[in-house]
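# Structure assessment
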Amino acid sequence: MSLLDEWNKIAIKEYEASSIETMNVLTPEGITLRPLYTAEDLHHLPHVHSLPGLEPFMRGPRATMYTKKPWTVRQYAGFSTAEESNLFYRKALHDGGQGISVAFDLATHRGYDSDHPRVKGDVGKAGVAIDSVEDMKILFKGIPLDKVSVSMTMNGAVIPIMAMYIVAAEEQGVPPGKLSGTIQNDILKEFMVRNTYIYPPKQSLQLVADIIEYTAKHMPKFNSISISGYHMQEAGADSALELAYTLADGREYAKLALARGLSIDAFAPRLSFFFGMGLNFYMEIAKLRAARILWCEIMSKLGAQDPRSKVLRTHCQTSGQSLTEQDPFNNIVRTTIEAMAAVFGGTQSLHTNAFDEAVALPSELSSRIARNTQLILQEETQMTKVIDPWGGSYMMEALTSDLVSRARVLMAEVDKAGGMISAIEQGIPKRNIERAAAMRQARIDKGDEVIVGVNKYRTESKTTFKILQIDNLSVLKKQVQRLKKIKVSRKSRDVEKCLQALADYAQSGAGNALSLAVEAVRARATLGEISSALEGIWGRYQATPSSLSGIYDKIFQHDPSWENSMDRVQKFKQKHGRRPRILLAKMGQDGHDRGIKVVATGLADAGFDVDLSPLFSMPDEIAKIAIENDVHVVGISSQAAAHKTLIPDLIKILRKRKSGDIKVICGGVIPKQDFAFLKKAGVGLIFGPASPIPKIVEKILDLIE
């Protein structure tokens, strides 16, 4: 009897099962996770004997990895005003941070100046407000931009933001050639999941290519694009979906640059990636290793010769969706585990989320804990002393290979659809990600997937801590004053000339938008003006809302509590002559729609008539839809902290239009400190993060029956 046979016999006896196959677990990616891996699992794997720094770079992009230089510690942050953000960055750098990652507010993301009527609830709420180069100069005051690398998460308004960064550095005495860092500039994933787009896909891609072209010529140390899977994971994608669609996006951008006549080895070394790190520990490590194999393969097929073009370099960020409002100090442990997965996977830089980000922007205390998590991993463990410590692991090598195979299948589906742009237009990635998100949430709601402190091991004791509160009205007032000042002091004729040049570019396609925007910023054109010059020709893109169905029915089949909820819906229909009808909406510039899509799926499966409003609607627009559709309830999903401004406005408008009988409820990232304010304003129900769908169904029916 072999050792494996002997183990099999003992394991079956210990497991008290008729077959060892019952110990296998099918992961969300459709990969079988087995309880035991042996040397037999390595025999067929082509990359198992590869080494760090050598193709296909599975074991790391550099030969020495962290033994020479650890990953860069970054903190992604933006606090309402440029002044406050600048103080945070300077303190973070002093306390051990090694780079700056800028979070912009949603008004900035969507190309609006702070004085635009559509953004009054969003200014300064989920990041820093940037309206002009004067804001950008304050943001980086006292920070030497020739020495500190800057990462900026920006896609929709990427042209004016890049131009302002270049001009701010220029006026600091730093030429473009000395700037280092990364601009996200990944618009394809915005059309899939995050939704902070401005222009239609074709024109948006033109801007991406302009930035790749400009940086290749003038900014050799700057990464022209960070191809992001992080937001796919946050929207609910499993590791295989995130891996496949991120690399497919990267391939599309490379082809775009090639079509511009750029040599692949001229721009490819400055492409970078951005992956999310969740709690599926083994799979997350395997994901980064698999990504390097696949990217090397993709770039080789596109003709890359320089080894640097074939290396996938990545930034990682710990998961936001894994953070829980309930028992929030558990989030520190979750973030640590996710950070370890990123390190074991070989990331080049890392941001660790703060434990309070399930309900608010991080406080100074929570930010320090998050940053120190990385410093402890670097300084107090031996993790940096071994290159790819999982190399040769029977399980890890097999999982890496399994993920490579699964990603290839998904990428082949994209190819069959005609490429990533065509696949996005057909809704293929979006549908698959939304299905994965709804299925996972249904498993959590049922208790099949455990979240400690949420659906198991709940505690009745309440954890209190101070959260960061942003005075939106104060920030708005300051930004509007600064806008007025800059418009009075500049030469209007110079600005008009520059904006007309941008409009001409949009009309003809001739020239480079970033180069033209730099000239406009030098003349003190604002972010909103530059965006509007292009929007005037291209228009502003608006997606059609949609949702899935049948997922909760499948997961909760024969569940007594779910059947009881469905019975109550039927009784409501019998009593009132129609099913309960709800309009689900997001207001302002918050495009994060994972939560609202999951709720729409669950309520539809329970028997509700569900309407979805267009994204980026304002209170008066939501009220109009609610009245015309004769809904019983309007459900507002909030993630970007505009709820204290926009929800009371909606309630006032409904009452003014004599439709105060329509109940308004809300949910999402809403601190408990805000509950009393919202209740006083007239909100009927408030659901915190991770509220289970069956509970939501019951409480809505209690409200409207």
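Figured I'd write up the structure that's included with this text.

Parameters and conventions
Residues numbered from 1 in each chain as written. Predicted model: local features only at pLDDT ≥ 70, side-chain atom pairs only at ≥ 80, totals over all residues. Heavy atoms only, no water. Axes fitted to C-alpha atoms, helices over the stretch in contact; angles between N-to-C directions. Helix = DSSP H or I, 4+ residues; strand = E, 2+ residues; numbered from the N terminus. Parallel < 35°, antiparallel > 145°, perpendicular 65-115°, else oblique. Contact = heavy atoms within 4.5 Å. Nonpolar A, V, L, I, M, F, W, Y, C, P; charged D, E, K, R; others polar. Patch = residues over 30% accessible without salt bridge, like charges linked within 9 Å, V, L, I, M, F, W, Y side chains within 5 Å. Areas by Shrake-Rupley, 256 points an atom, 1.4 Å probe, with all protein chains shown as cover. Salt bridge = Lys/Arg side-chain N within 4 Å of Asp/Glu carboxyl O. Buried < 20%, exposed > 50% of the residue type's maximum accessible area, 1.4 Å probe, protein only. Pairing = 2+ DSSP bridges. Expected span 1.5 Å × (residues − 1). Arc of directions from axis to C-beta. Core = buried A, V, L, I, M, F, W, Y, C linked by side-chain atoms within 4.5 Å. Phe/Tyr/Trp six-rings, centres within 6.5 Å; stacked < 30°, edge-to-face > 60°. Polar contact = N/O pair within 3.5 Å; in protein donor to acceptor, adjacent residues only side chain to side chain. Left-handed = near helix turned anticlockwise from the far one by under 90°. Lys, Arg positive; Asp, Glu negative; His and termini not counted. Charge placed at Lys NZ, Arg CZ, Asp CG, Glu CD.

The next subject is the packing of helix H23 (residues 560-576) against helix H24 (residues 594-606). Running from amino to carboxyl end, H23 crosses H24 at an angle of 70°, the nearest separation of the two axes being 9 Å. On the basis of the axis angle, H23 is roughly perpendicular to H24. In this structure, H23 uses Trp562, Met566 and Val569 to contact H24, whose residues at the interface are Gly602, Asp605 and Ala606. Counted by class, the contact of H23 with H24 contains 4 nonpolar, 1 polar and 1 charged residues.

Together, Leu4, Trp7 and Leu36 make up an exposed nonpolar region whose accessible area comes to about 230 Å². Structurally, leucine 4 can be placed in helix H1 (residues 3-15).

Moving on, we get to the pairing of strand E10 (residues 314-318). E10 sits mainly inside the fold: 5 of its 5 residues count as buried. In terms of strand pairing, strand E9 (residues 271-277) meets E10 through 5 bridges, oriented parallel. Each bridged residue has a counterpart across the sheet, and for methionine 277 the counterpart in E10 is threonine 318. Where E10 lies against strand E11 (residues 349-351), 3 bridges are found, and the strand directions are parallel. Within the sheet, the bridge partner assigned to glutamine 317 lies in E11 and is histidine 351.

Below, the discussion takes up helix H18 (residues 472-489). For H18, with 18 residues, the first-to-last C-alpha span of 26 Å sits near the 26 Å given by 1.5 Å per residue. Residues of H18 that are buried include every one of Asn472, Val475, Leu476, Gln479, Arg482, Leu483 and Ile486, and no others. Around the axis of H18, the buried residues are gathered within 135° of arc, so they sit on the same side. Across from the buried face of H18, at angles greater than 90 degrees, the exposed residues are Leu473, Lys477, Lys484, Lys485, Val488 and Ser489.

With that out of the way, let us pick up the nonpolar core. Counting residues in hydrophobic clusters, the biggest one holds 81 residues, and the most contacted among them are Tyr245, Leu247 and Phe267. The element contributing the most residues to this core is helix H11 (residues 281-301), with 11 residues. Sequence-distant contacts of leucine 247, that is, excluding residues within four places in its chain, are made with Phe273, Ala291, Leu294, Trp295, Ile298, Leu312 and Met411. If you look at the next biggest cluster of nonpolar residues, it comprises 60 residues, including Val128, Ala168, Ile198 and Ala520.

Counted by the stated rule, this structure contains 22 aromatic pairs. Ring geometry for tyrosine 197 versus tyrosine 541: centroids 5.1 Å apart, planes at 80°, classification edge-to-face. Here tyrosine 541 lies in the loop between helix H21 (527-538) and helix H22 (551-555) and tyrosine 197 lies in the loop between helix H6 (188-194) and helix H7 (201-218), a separation of 344 residues in the sequence. Relative accessible area serves as the criterion here: at 28%, tyrosine 541 is assigned to the partly exposed category.

Quick look at the sheet that holds strand E16 (residues 685-687) now. Across the sheet, which stays open at both edges, the 5 strands sit in the order E13-E12-E14-E15-E16 with parallel pairing between neighbours. Edge positions in the open sheet fall to strand E13 (609-612) and E16, since each of these has one partner strand only. Here the strands of the sheet are splayed against their neighbours by 20° on average, with no regard to which way each runs. As judged from the 6 bridges shared by strand E14 (residues 633-638) and strand E15 (residues 663-668), these two strands associate in the parallel manner. Bridge pairing links serine 637 to glycine 667 in E15.

A few words on the side chain of asparagine 185. Relative to the helices and strands, asparagine 185 is located in the loop between strand E6 (181-183) and H6. Once residues lying within four places of it in the same chain are set aside, the contact partners of asparagine 185 are Met154, Asn155, Val158, Val208, Ile211, Ser224, Ile225 and Tyr253.

Here the focus is the environment of tyrosine 230. With respect to the element layout, tyrosine 230 can be found in helix H8 (residues 230-234). The exposure class assigned to tyrosine 230 is buried, which follows from its relative accessible area of 6%. For tyrosine 230 and glycine 320, which are 90 residues apart along the polypeptide, the C-alpha to C-alpha distance reads 9.6 Å. What tyrosine 230 contacts, discounting residues up to four positions off in sequence, is Glu242, Phe274, Phe275, Gly276, Gln317, Thr318, Ser319, Gly320 and Asn353. At 3.2 Å, the side chain of tyrosine 230 and the backbone oxygen of threonine 318 are in polar contact.

This part covers H24. Because each turn of an α-helix spans 3.6 residues, side chains separated by three or four positions in sequence point in the same direction. Relative to the 18 Å expected for 13 residues at 1.5 Å per residue, H24 spans 19 Å between its end C-alpha atoms, a close match to the ideal helical length. Of the positions making up H24, those classed as buried are Ile596, Lys597, Val598, Ala600, Thr601, Gly602, Leu603, Asp605 and Ala606. Of the residues flanking the end of H24, it is glycine 607, one or two places downstream, whose phi is positive at about 115°.

Contact geometry of helix H5 (residues 158-172) with helix H20 (residues 513-522) gives a least axis separation of 8 Å together with a crossing angle of 55°. Taken together, H5 and H20 sit at an angle that is classed as oblique. Here the hand of the crossing between H5 and H20 comes out right-handed. Residues Ile159, Pro160, Met162, Ala163, Met164, Ile166, Val167 and Glu170 of H5 form the contact with H20, whose participating residues are Ala513, Leu514, Ala517, Val518, Val521 and Arg522.

On to a positive patch on the surface, then. On the surface, Arg458, Lys462, Lys679, Lys695 and Lys699 cluster together to form a positively charged patch. Looking at the secondary structure, you find lysine 699 in helix H28 (residues 693-704). Its relative accessible area of 35% is what places lysine 699 among the partly exposed residues.

It is worth spelling out the pairing of E9 at this point. With 7 of its 7 residues buried, E9 lies for the most part within the structure. Residues of E9 alternate between two faces, with Leu271, Phe273, Phe275 and Met277 on one and Ser272, Phe274 and Gly276 on the opposite face, all of them buried. Bridge count between strand E8 (residues 225-228) and E9: 4 bridges; the pairing is parallel. Across the sheet, serine 228 pairs through a bridge with phenylalanine 274, a residue of E9.

Purely geometric numbers; function is a separate question.
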